[in-house]
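Reading the structure
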Amino acid sequence: MFKIGEFSKITQISVRMLRYYDEQKLLEPCLIDDSNGYRLYSAKQIDQLNRIILLRNMGFGVKEIKALLEIWNSENIKNNLLEQMKKTEENIQLERMKLQQMQGWLYDLDNQGKKLNIEIIMKSLPKQHVMSIRKIVPDYYYESLLWKEFGEILSNVRNVDKLQSFSIYHDLDYREKDVDIEICVIADHLDLSMENNDVIYRQIEKVDMAACFIIYGPYNNISLAYKEFACWLEQHKEYQMKGENRQVCHVSMCHTNNPEEYITELQIPLLYTSN
């Protein structure tokens, strides 16, 4: 038998944590000496303690650890690990998106007052056959993960980096969460027999008139471009926004590792009101 201090030294777990595990009934002393109140531990309890530490380091909570310790078998552990892996991957994605938002804010702070002097061109958008994935995603930063997922689906397609692609934002207003995004690849010359439950094959109808403008450099410049477009729209009151905005990545992260080389086109459908 070991006193709590001795057991702490042997296991390299602090007395504070051992007391906490005792309070939570995860690892109680095997004996408490009535004469002096000493908490006594056995060498046989080290395996149980190691399990607790391992599960805690993998993000399991006290209730989950208790349940796993009560039913300690391979099948139960495997099922819980798979579920915990899924939660961890989701948390990593959320933290990455938070980091992107922080980087975007820093960029905006460093570029206050900057103007892109975009050139707005009016043109029609032709009818197109596309292969696409459409999902409700947590926010706009999640779009890059959709493109990564789509890239894996198209990994066996020849010259995939040369395919014409674009995004459609189906929400008619800005959303802070639950964003409806469709990412598309023009499918005229694609093998449409590829099987994937997330993939849609459809025809996108012609847009008679859209305001189109090119943005050079990082995606952070897109918000600056929208601001300049808003000023343009206020000066041209005969036009109103109508329908779903599109974003065409002529040069993107799929083509270069340098964000300064990105070339992005925004296409915003318009209605002529003659006012």
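As a starting point, this report considers the structure included with it.

Scoring rules and cut-offs
- Residues numbered from 1 in each chain as written.
- Predicted model: local features only at pLDDT ≥ 70, side-chain atom pairs only at ≥ 80, totals over all residues.
- Heavy atoms only, no water.
- Patch = residues over 30% accessible without salt bridge, like charges linked within 9 Å, V, L, I, M, F, W, Y side chains within 5 Å.
- Areas by Shrake-Rupley, 256 points an atom, 1.4 Å probe, with all protein chains shown as cover.
- Salt bridge = Lys/Arg side-chain N within 4 Å of Asp/Glu carboxyl O.
- Helix = DSSP H or I, 4+ residues; strand = E, 2+ residues; numbered from the N terminus.
- Buried < 20%, exposed > 50% of the residue type's maximum accessible area, 1.4 Å probe, protein only.
- Contact = heavy atoms within 4.5 Å.
- Disulfide = S-S within 2.5 Å.

Points about a nonpolar patch on the surface
Together, Trp105, Leu106 and Leu109 give the surface a local cluster of nonpolar side chains, amounting to about 370 Å² of exposed area. Tracing the chain through its elements places tryptophan 105 in helix α5 (residues 74-110).

Remarks on the environment of serine 165
In this fold, serine 165 is placed in strand β6 (residues 165-169). Since its relative accessible area comes to 16%, serine 165 is described here as buried. Between the C-alpha atoms of serine 165 and methionine 102, which are 63 residues apart in sequence, the distance is 27 Å. When neighbours within four sequence positions are excluded, serine 165 is seen to be in contact with Trp147, Cys184, Val185, Val248 and Cys249.

Re the state of the cysteines
The tally for this structure, following the rule as stated, stands at zero disulfides. Residue cysteine 184 stays outside any disulfide, its sulfur separated by 12 Å from that of cysteine 249, the closest cysteine. In this model cysteine 212 remains outside any disulfide bridge; the closest cysteine sulfur is found in cysteine 249, 14 Å from its own.

Topic: the pattern of salt bridges
A complete count under the given rule lists 10 salt bridges for this structure. With its nearest N and O atoms 3.0 Å apart, the salt bridge here joins glutamate 265 to lysine 123. One end of the pair, glutamate 265, is in strand β12 (residues 263-272); the other, lysine 123, is in strand β4 (residues 121-125), and 142 residues separate them in sequence. A relative accessible area of 6% places glutamate 265 in the buried class. The salt bridge partner of arginine 175 is aspartate 173, with a shortest N-O separation of 2.5 Å. Take arginine 175: its relative accessible area is 32%, and that puts it in the partly exposed class. A cluster of three or more residues bridged by salt bridges with shared partners is formed by Lys135, Glu149 and Asp198.

Here we look at unusual backbone geometry
Located in the positive-phi region is glutamine 12, a residue other than glycine, with phi close to 60°. Look at glutamine 12 and you get exposed, because its relative accessible area is 72%. If you check the backbone angles, aspartate 178 has positive phi at about 55° while not being a glycine. Note that aspartate 178 resides in the loop between β6 and β7 (179-186).

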